[in-house]
Amino acid sequence: MAEYPQKARPLSPHLGIYRWPVTMATSITHRITGVGLAGGTLLIAWWLTAVSSGPETYSFFVSTMATPLGQIVLYGFAWSLAYHFLNGIRHLCWDFGFGFALPTANATGITVLALSLLATAAIFAAVHYGYAGYYQ
Amino acid sequence: MSFETPQHKVEGLGSAHSGVGHFKQQRVTAIALIPLTVWFAVSMLGLAGTKEVSVLIFLANPLNAILLGAFILISLYHLALGIREVIVDYIPHEGVKLFLMFCNYGFAFLVAAVCLFALARITIA
């Protein structure tokens with residue numbers, strides 16, 4: 001049997017070749033932030049356990065969260081919650097049949113992303129300019 | 001044409017074998033979490049940078065303790081439903097799927113237990 005030359009055959013385009021549409025990006029981000037928020041529940045569990053265990057344990061929690069890595073985790077949690085919250089409302093609107101037109105879906109997607117970043121920036125600003133901690 | 005009887009069609013309840021129950025529960029918990037998340041964010045911002053005493057005083061108010069408990073439990077329920085969806089989407093192997101489902105619900109129950117124990121210790125003690 002003759003040996004046929006192994007030419008490079010055209011491959012079916014996979015994920016990497018497509019420009020990411022807004023709806024696709026917001027959809028996978030919703031899923032990633034959702035999984036990430038599982039870590040957020042651990043943070044709440046740690047916080048409550050630290051409060052219940054006494055001042056030393058609590059100050060260890062606070063000082064851990066004050067480190068650069070702790071701050072990244074904390075603001076990552078804040079942004080994930082803000083994004084998943086806002087995009088969740090977008091999903092609920094779809095469930096009730098609103099906002100399916102592509103231009104609308106793109107616009108709401110960008111709005112959700114912008115608002116989530118804005119909310120996180122607002123939390124950062126509130127903490128750093130002394131508008132947080134009002135339950136003291 | 002299908003040779004399936006209508007009876008046989010509904011018995012399987014689709015690929016997740018649970019019908020629309022999961023879908024509805026996810027939406028109901030999502031709607032409940034809208035006001036609870038706003039409350040949680042406002043509360044956490046209010047407690048940011050405060051001493052332990054402030055948290056204890058905050059949770060000494062039964063309304064705050066109950067709302068925090070509700071936020072945590074409904075969040076964990078919503079989380080378990082969401083992770084379940086991720087697992088059935090990406091894991092075709094039945095054994096691995098079953099194991100991950102076990103981990104998923106185990107995680108939710110464990111975190112719920114830890115949080116409720118801590119809340120009880122703070123508010124009752």
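Basis of the calculations
Residues numbered from 1 in each chain as written. Chains lettered and ligands numbered in written order. Predicted model: local features only at pLDDT ≥ 70, side-chain atom pairs only at ≥ 80, totals over all residues. Helix = DSSP H or I, 4+ residues; strand = E, 2+ residues; numbered from the N terminus. Buried ≥ 20, exposed ≤ 12 C-beta atoms within 10 Å, placed from the backbone. Contact = placed C-beta atoms within 7 Å. Rg over C-alpha atoms; globule rule 2.2 N^0.38 Å. Nonpolar A, V, L, I, M, F, W, Y, C, P; charged D, E, K, R; others polar. Core = buried A, V, L, I, M, F, W, Y, C linked by C-beta atoms within 7 Å. Expected span 1.5 Å × (residues − 1).

Caption draft 1: Geometry of the overall build of chain B. Looking only at helices and strands, chain B features five helices and zero strands. Starting at the N terminus and walking to the C terminus, you meet the elements of chain B as α-α-α-α-α. Within the span of chain B, comprising 125 residues, buried residues form 19% of the whole. Counting contacts in chain B only where the partners sit at least 6 residues apart, residues at least 24 apart contribute 69% of the total.

Caption draft 2: Spatial organisation of the overall build of chain A. Helix and strand counts for chain A come out as four helices and zero strands. Going from N to C terminus, chain A has its helices and strands arranged as α-α-α-α. Its C-alpha radius of gyration of 22 Å places chain A more than 25% over the 14 Å reference for a compact globule of 136 residues. Structurally, chain A occupies a C-alpha span of about 80 × 45 × 25 Å along its principal axes. A burial count over chain A gives 22% of its 136 residues as buried. In chain A, the share of contacts with a sequence separation of at least 24, taken over all contacts with a separation of at least 6, comes to 73%.

Caption draft 3: Focus on the interface of chain B and chain A. Counting residues at the interface gives 31 residues for chain B, matched by 29 residues for chain A. Every element with two or more residues in the side of chain B that touches chain A is listed here: helix H2 (21-47), helix H3 (52-60), helix H4 (62-90) and helix H5 (94-124) of chain B. A per-class count over the side of chain B that touches chain A returns 21 nonpolar, seven polar and three charged.

Caption draft 4: Broad picture of the nonpolar core. In this structure, Leu48 and Val51 of chain A together with Cys115 of chain B are the most contacted members of the largest nonpolar core, which totals 33 residues. Going through the elements one at a time, helix H1 (22-53), helix H2 (55-66), helix H3 (68-95) and helix H4 (102-128) of chain A together with H2, H3, H4 and H5 of chain B are the ones with two or more residues in this core. Here this core gets seven residues from one element, more than from any other, and that element is H4 of chain B. Filtering out sequence-adjacent residues up to four positions away, Val51 of chain A remains in contact with Tyr58 of chain A together with Glu52, Val55, Leu56, Ala118 and Ile122 of chain B.

Caption draft 5: Focus on H3 of chain A. Taking 1.5 Å as the rise per residue, H3 of chain A with 28 residues should run 40 Å; its terminal C-alpha atoms sit 39 Å apart, in good agreement. Against H1 and H4 of chain A together with H2 of chain B lie the buried residues of H3 of chain A. Count one or two residues on from H3 of chain A and you reach Gly97 of chain A, which has phi positive near 90°.

Note that every value here comes from positions in space, so none of it alone points to a role or purpose.
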